[in-house]
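Each chain, letter by letter, is given below.
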Amino acid sequence: MNGKAGPRVAGEGNTRTRLDRGRGALGPALELVHTGRAPTRAVLTAELGVTRATAGAVAAELEALGLIRVDARPGAAAGSQGRPSHRLDVAEDGPVALAAQVHADGFRAALVGLGGRIVATAPGCEIVDADPAKVLGSVVEAGAELLHATGRRCVGAGLAVPSAVAEPDGLALNPLHLAWPAGAPVRQIFAERVRAAGIQGPAFAANDVNLAALAEHRHGAGRGSRDLLCVATGHRGVGGALVLDGRLHTGSSGLALEVGHLTVNPEGRPCHCGSRGCLDVEADPLAFLTAAGRDPGPEVSLLEQSNDLIRNHYTDPSVRTATEALIDRLGLGLAGLVNILNPDRIILGGLHRSLLDADPDRLRAVVADRSLWGQSGGVPILACTLDHNSLVGAAELAWQPVLDDPPAALADA
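Residues numbered from 1 in each chain as written. Predicted model: local features only at pLDDT ≥ 70, side-chain atom pairs only at ≥ 80, totals over all residues. Heavy atoms only, no water.

## A short note on the sheet that holds strand E6 (residues 154-161)
Formally: Strand pairing is assigned whenever DSSP identifies at least 2 bridges connecting the two strands. What counts as a helix is a DSSP run of H or I of at least four residues, what counts as a strand is a run of E of at least two, and both are numbered from the N terminus. To get an axis, fit a line to the C-alpha atoms, keeping to the stretch in contact for a helix; angles then go from 0 to 180 degrees between the N-to-C directions. In this description, contact between two residues means that some pair of their heavy atoms is separated by no more than 4.5 Å.
One open sheet holds the five strands; their spatial order is E5-E4-E3-E6-E9, and the pairing between them is mixed. For this open sheet the edge positions go to strand E5 (118-121) and strand E9 (203-207), each flanked by a neighbour on one side alone. Here the strands of the sheet are splayed against their neighbours by 25 degrees on average, with no regard to which way each runs. When strand E3 (residues 96-103) meets E6, the two strands line up parallel, connected through five bridges. Each residue of the ladder has a partner; that of Ala 99, found in E6, is Gly 158. Along the sheet, helix H5 (residues 132-150) makes contact with E3, strand E4 (106-112), E5 and E6, crossing E4 at roughly 30 degrees. Sheet strands in contact with helix H7 (residues 208-219) are E3, E6 and E9, and its direction is about 100 degrees off that of E9.

In structure tokens:
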């Protein structure tokens, strides 16, 4: 070599300078597009606080990585003045995350792209084995088949389970509605099955309601909230989650917001935790069916049976009475949480969403009457809006390293 630099391409130096200056903005920029908060390059420029040239270089880099799409045909003007700005969206044919969910009535696998978009799902299984290794092996196998069929690149895998997941070891401490042993190392088992299937990228596991809240905060009813409280009941039991400044509040060891064990009926049913009248046994689908005088059938899940009663048989006095009873119990629990947490929004999922739809005024009145903010206007109580939000949230776990550092994460995947 003669030590001389090669020929300089016109504009090369400026472009590289902009990329170096904006490389630290790649993650924040991707998150803005991922969550729909930067639909145009002009908005991206403003949100990042960089020059238009730097924002353009950042967008071009993310597009080169196959993560977003920059529409060269300008859309509507970003403001009242200036030229129209290029549209930004996630790449429809880009990488995906493998998402898996296990609950009392089965399990499901899906591929989820950026933007929380479900790309493909495998048929759900309705039998959950008592051995978590068998179950997680089956759900990962289903996900691997989806990856093979679609040919998509995978950035990692996330698992949602109906249990508190203790950190740092990823242990399912209380899978009460599964036949799994307490303390099962679900994260380790899941990661081993992911590796054995030849799937690249990191593997994660967390509580299903925590993940539902994360997904709703980024892509659904919780978008724009600062302090978001989510309470939901799916197939069995009641869970809760809190998102603060965009991050899940999991406590010192991942066990925060076990709201299912708030007492709402001191003379109520015995709970698995040793207490009585907890939300977990007073405001879930089994409690509703029992209150309505219905014997649970084996044909469909308890959640589906409960939702069907509320939506299609609400005029039946027994169904209406049961609905009002559960609304009152749920309202008591929410009021206590509001007094402690002071959220700026509450979202409800599963059966609780159906209770809200059935009589929103009653639920809001109970919460307002029993909480400190009742005299000052109240906190919005909304229904979750995403289908399969726990699956989407599981994918968010796998997408987080990419959102933190896109080039590095994709190099490892």
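## As for the domain arrangement of the protein chain
The line we're drawing: For every domain, the bounds stem from an assignment made automatically or drawn from a database. Two parts placed together each lose some accessible area; with a 1.4 Å probe, that loss summed over both constitutes the buried area. Take a side-chain nitrogen of Lys or Arg and a carboxyl oxygen of Asp or Glu: if they are within 4 Å of each other, that pair is a salt bridge. Here a polar contact means two N or O atoms within 3.5 Å. Within protein one must be a hydrogen donor candidate and the other an acceptor candidate, and residues neighboring in sequence count only if both atoms are side-chain atoms. We call Asp, Glu, Lys and Arg charged. Ala, Val, Leu, Ile, Met, Phe, Trp, Tyr, Cys and Pro are nonpolar, and the rest, Gly among them, are polar.
Taken domain by domain, the protein chain holds domain 1 (18-76 + 83-90), domain 2 (96-210 + 389-412) and domain 3 (221-383). Distance from the C-alpha centre of domain 1 to the C-alpha centre of domain 2: 30 Å. Around 1000 Å² of area is buried between domain 1 and domain 2 when both sides are counted, 72% of it from carbon and sulfur atoms. The three residues of domain 1 that bury the most area against domain 2 are His 34, Leu 67 and Val 90, which together make up 50% of that side's buried surface. The salt bridge partner of Arg 117 is Asp 89, with a shortest N-O separation of 3.0 Å. At the junction of domain 1 and domain 2, the tally comes to three residue pairs in polar contact (both at pLDDT 80 or more). Looking at the side of domain 1 that touches domain 2, the elements with two or more residues in it are helix H2 (26-34) and strand E2 (87-90). The residue makeup of the side of domain 1 that touches domain 2, split by class, is seven nonpolar, two polar and three charged.

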